[in-house]
Amino acid sequence: MKKCIFLSLVLFLGHLSFAQKFEQLAKTPPMGWNSWNKFGCNVSEKLLMEIADAMVSSGMKDAGYEYVVIDDCWQVDRDENGEIVVDKDRFPNGMKYLADYIHSKGLKFGIYSCAGTKTCQGRPGGRGYEFQDARTYARWGVDYLKYDWCNSSTQNPKASYEIMRDALYKAGRPIVFSLCEWGGSKPWEWAKNVGHLWRTTGDIVDRWDAMIGIFDLQKDLAKYAGPGHWNDPDMLEVGNGGMSAEEYKTHFSLWCMLASPLMAGNDLRKMDDATLQILTNKDLIAINQDSLGIQAFCMRDNGDYEIWVKPLNNKEKAVCLLNKGDETKTVEVNLLTLLKANNSYWSTDPYVMKNYVVRDLWEHQNLKLKADEYIIKVTMPPHSVKVYQFIKNQ
Ligand code: GAL
């Protein structure tokens, strides 16, 4: 009897010791690149190595991008021992070689699998192989795992993702765990202790209406995000050609305001200047990466015109004016009201305008305001944003 109690205790403690995610990861929204939006199944070792090179030479790495993630289609089978088999034609030197190469550039390596029996492209999924796959990923040097939800039949999402979380933890290598369940079971309500980020919607498409439609769905989710646990409205389409430069600026600005993961999805080897300027806007990246990790809240919704506010460290604030409409709009904004804009996260501290400068994060300059002038008039083209930061005077 005593032996039995002892054994149960050991098993229970054993389970507890890995029933958790890696806590020290993704303290700010993860930044990187993922192959899916531009390349779909057309992935290879050569492509990934060239992308890693381009991430460094383009200045993306200096701007903060870090993870190079292969999405679906790198895997073709399982061998007789259940080991996942890499597509040898496309990845002739295997995944460890690729991971080593990416690490040698000072970057991190990410991979994709699925909680179901097959991935969305019909490749072998992780169901039933979680612990084995996690050990394999750890051996290869994987730093980030995106875990999809296709072919999951009647599986319970929370339980399924918890198995992989535990498997990763047991394998011992810190790996950012990115849940791609598309929001169906409201992962923001249960995934905080399971993964570091969770998709909140279906797939983004490189079109204005699709992008803004996804953005609209984020409105009530701010309270679920924070350091180590982020809402993920999907990867960036900036530079893929389906939106105008103005629309891509808006897309990028909104993702920065939402404290969303910033996973570029374009061909980094062939970026035009406009794309690079958007993706490496350091002022915007700084608000995305702010250490408080607060997702912006919608302070005003006037239909096509919205105002979003993101509290930042040091009692600073970012404010985004958004013209979703198809017409140019001229709006009047009271900066003092924006500075004082409050939500449940914020204190009742008095805000005094003279303690701040107001910086336009796309013009990269401070507004020239006269003393006691709070109201500014702004003309906004269709589908555009203005992003300002209230920066404390020294
Ligand atoms: C979808 C996922 C996409 C991409 C694709 C690959 O389910 O949302 O981001 O990973 O599968 O097949």
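The preceding data block contains the structure.
Residues numbered from 1 in each chain as written. Predicted model: local features only at pLDDT ≥ 70, side-chain atom pairs only at ≥ 80, totals over all residues. Heavy atoms only, no water.

S.K.: Would you take a moment to explain helix H7 (residues 157–171) for this structure?
M.R.: Look at H7: 21 Å from first C-alpha to last across 15 residues, which is about the 21 Å you get at 1.5 Å a residue. Where H7 begins, one side-chain oxygen reaches toward the backbone nitrogen of Lys158, 3.0 Å away; that side chain belongs to Asn156. (Helix = DSSP H or I, 4+ residues; strand = E, 2+ residues; numbered from the N terminus. Expected span 1.5 Å × (residues − 1). Polar contact = N/O pair within 3.5 Å; in protein donor to acceptor, adjacent residues only side chain to side chain.)

S.K.: Would you explain the state of the cysteines in this entry?
M.R.: Covalently bonding the sulfur atom of one cysteine to the sulfur atom of another cysteine gives a disulfide. Considering all chains together, one arrives at two disulfides under this definition. A disulfide bridge connects Cys41 with Cys73, and the sulfur atoms are separated by 1.8 Å. Separated by 32 residues along the polypeptide, Cys41 in the loop between helix H2 (36–39) and helix H3 (45–57) and Cys73 in the loop between strand E2 (67–69) and strand E3 (75–78) bring together distant segments of the chain. Note that Cys120 is cross-linked by a disulfide to Cys150, the S-S spacing being 2.1 Å. Classification of the bridge connecting Cys120 and Cys150 rests on its S-S torsion, roughly 100 degrees, and on that basis the disulfide is right-handed. Taken together, the residues Cys120 in the loop between strand E5 (108–114) and helix H6 (130–140) and Cys150 in the loop between strand E6 (144–148) and H7 connect sequence positions 30 residues apart. Residue class for Cys150 comes out buried when judged on its relative accessible area of 18%. Each disulfide in the protein chain links cysteines that, numbered along the sequence, combine into the pattern 1-2, 3-4. You can see Cys180 has no disulfide; the closest cysteine sulfur is in Cys120, sitting 6.8 Å from it. Here Cys256 stays unpaired: no disulfide links it, and the sulfur of Cys320, its closest cysteine neighbor, is 9.8 Å away. (Disulfide = S-S within 2.5 Å. Buried < 20%, exposed > 50% of the residue type's maximum accessible area, 1.4 Å probe, protein only.)

S.K.: What exactly am I supposed to notice about the site of the ligand here?
M.R.: Neighbouring residues of the ligand: 13 residues in total, closest Asp71, Asp72, Lys146, Asp148 and Asp203. Contact between the ligand and Gln121: an oxygen atom at 3.1 Å from a side-chain N or O atom of the residue. Residue Trp182 places a side-chain N or O atom 3.2 Å away from an oxygen atom belonging to the ligand. Class assignment of the residues belonging to the shell around the ligand gives a composition of six nonpolar, one polar and six charged. (Near = heavy atom within 4 Å. Nonpolar A, V, L, I, M, F, W, Y, C, P; charged D, E, K, R; others polar.)

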